[in-house]
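Structural features, examined
Here are the chains, one letter per residue:
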Amino acid sequence: MDYRSDLPRTADLVIVGGGVVGAATAWHAARAGYRPVVLEARPAICTLTTPVAAGAFRLQFDNLEELELVRESVELFLNFEEATRQRTYALGVRQQGYLWLTTSEETAAVQHELVRRLHGWGQTDVELLTGDEARARFPFVGPEVIQARFRQGDGFLHTKRLTYGLAASAVASGASVVANCRATGFVVRSGRVAGVETTLGTIETDTAVVAAGPLSGPLAAAAGIELPVVTVRRHKLWVPDAPAIRPDAPMTIDEDTGAHWRPFGAGAWVLFTDPATPPEPPAILHE
Ligand SMILES: Cc1cc2nc3c(=O)[nH]c(=O)nc-3n(C[C@H](O)[C@H](O)[C@H](O)COP(=O)(O)OP(=O)(O)OC[C@H]3O[C@@H](n4cnc5c(N)ncnc54)[C@H](O)[C@@H]3O)c2cc1C
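This is a predicted model, so every value here is computed, not measured.

Overview of the sheet that holds strand S16 (residues 267-272)
Strands sit in the order S5-S6-S4-S14-S15-S16-S13 across an open sheet of seven strands; the sheet is mixed. The open sheet has two edge strands with one neighbour each: strand S5 (127-130) and strand S13 (235-239). Shown here is a sheet whose adjacent strand axes are inclined to one another by a mean of 20°, direction ignored. In the sheet, strand S4 (residues 98-102) pairs with strand S6 (residues 147-151) via five bridges, with the strands oriented antiparallel. Each bridged residue has a counterpart across the sheet, and for Tyr-98 the counterpart in S6 is Arg-151. Each of S4, S5 and S6 touches helix H4 (residues 105-120); the most contacted strand, S6, lies at about 30° to it.

Quick look at the layout of surface pockets
The computed volume of the second largest pocket comes to approximately 280 Å³. Taken together, 17 residues form the lining of the second largest pocket, with Leu-157, His-158, Arg-262, Phe-264 and Trp-269 sitting closest to its centre. Residue assignment for the lining of the second largest pocket shows that the elements contributing at least two residues are helix H6 (159-172) and strand S15 (260-264). Top element by residues in the lining of the second largest pocket is S15. It accounts for three residues. Its residues assigned to classes, the lining of the second largest pocket comprises nine nonpolar, five polar and three charged. Composition of the lining of the second largest pocket by domain shows at least three residues from each of domain 1 (14-55 + 158-221) and domain 2 (98-153 + 233-286).

Here we look at the packing of aromatic side chains
Tallied over the full model, the rule gives eight aromatic pairs. Plain terms: the ring middles of Tyr-89 and Tyr-164 are 5.7 Å apart, the flat faces sit at 40° to each other, and that makes the pair tilted. Of the two residues, Tyr-89 sits in the loop between helix H3 (80-84) and S4 while Tyr-164 sits in helix H6, which places them 75 residues apart along the sequence. Tyr-164 matches Tyr-89 in its accessibility class, with the two residues each being buried. Plain terms: the ring middles of Phe-138 and Phe-140 are 6.1 Å apart, the flat faces sit at 50° to each other, and that makes the pair tilted. With relative accessibility at 38%, the residue Phe-140 sits in the partly exposed group. Connected via pairs of aromatic rings, a cluster forms that spans Phe-138, Phe-140, Phe-150 and Trp-261. The ring of Trp-269 has Lys-236 sitting right over it, with the charged end atom 3.6 Å from the ring centre. If you follow Arg-262 out to its NZ or CZ, it ends over the ring of Phe-156, 3.9 Å from the centre.

Thresholds applied
- Residues numbered from 1 in each chain as written.
- Predicted model: local features only at pLDDT ≥ 70, side-chain atom pairs only at ≥ 80, totals over all residues.
- Heavy atoms only, no water.
- Pairing = 2+ DSSP bridges.
- Helix = DSSP H or I, 4+ residues; strand = E, 2+ residues; numbered from the N terminus.
- Axes fitted to C-alpha atoms, helices over the stretch in contact; angles between N-to-C directions.
- Contact = heavy atoms within 4.5 Å.
- 1 Å grid on protein atoms, 1.4 Å probe; cavity = no way out; pocket = protein on both sides within 12 Å on 5 of 7 lines; lining within 4 Å.
- Points joined across faces, edges and corners; volume = space filled by probe spheres on them.
- Nonpolar A, V, L, I, M, F, W, Y, C, P; charged D, E, K, R; others polar.
- Domains from an automatic or database assignment.
- Phe/Tyr/Trp six-rings, centres within 6.5 Å; stacked < 30°, edge-to-face > 60°.
- Buried < 20%, exposed > 50% of the residue type's maximum accessible area, 1.4 Å probe, protein only.
- Lys NZ or Arg CZ within 6 Å of the ring centre and 35° of its normal.

Below you can see the structure in the form of structure tokens.
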């Protein structure tokens, strides 16, 4: 990744944040003819939320808008090197599926209806399985599971390579990335953004995108915008050595609690949100 060492004086588009959202915004903008400048507060892009994600993608949603949005992303994931015209960052896509399990009759009814709607939206490759069918396909499924939904085409990819590939491709098309540059506020004139204030000075622009991940709320507030981003602590447990986990297992989700696991290396990642933990400001604010 080529970083720019100085802050340009002006830009037609400033993107604050170099996670996957900032990199994707820069890539799309560069393709649309902009020469965006990405500002990243940390020494390198993709060092906050994106690199610790589980790297899973799916086409199972309860609303058509999100489904259509992610369909475009999946199309990009499956043709990444060609679309980004670079070969340095290959995504390593593994379509091992997403398996949602339930032990509750109530959730089973909701899941049944969801699969019906997904089929109606053209996502006919989502399967609804009985508990026994799920156990026959995935022997690790417990006896208490009464129903499952599964889509083989869902899967995993490398989030860091995704971010770097998008950013490098954007830079090749005229974007710039400035690291160690924290946006501290906005210049606002007549209710419109006129610049972004940073630790390296002010950059003039009439268009800015807030892509600061968990820090987006406080940053948008600096422009007088109330962004309802609430941060909730999410736990990720890495079990490094678990021979019982098959490396080709799908992302497996307890539909009743949201807890999930996926194979990783010789073990698994287990992820969950503790419902007893209330939302809190990101700890990084206090660093
Ligand atoms: C444990 C976990 C697992 C997840 N698993 C998945 C998954 O499997 N699939 C999935 O789709 N999603 C998953 N997610 C969600 C996904 O990771 C996030 O939605 C995504 O990474 C957010 O990207 P981002 O670019 O918005 O934020 P970030 O990656 O946090 O990037 C924001 C960037 O902005 C920078 N920044 C902040 N403030 C400023 C400032 N003032 N000036 C300059 N730069 C600034 C930060 O330094 C950072 O680099 C997971 C999330 C977590 C926490």
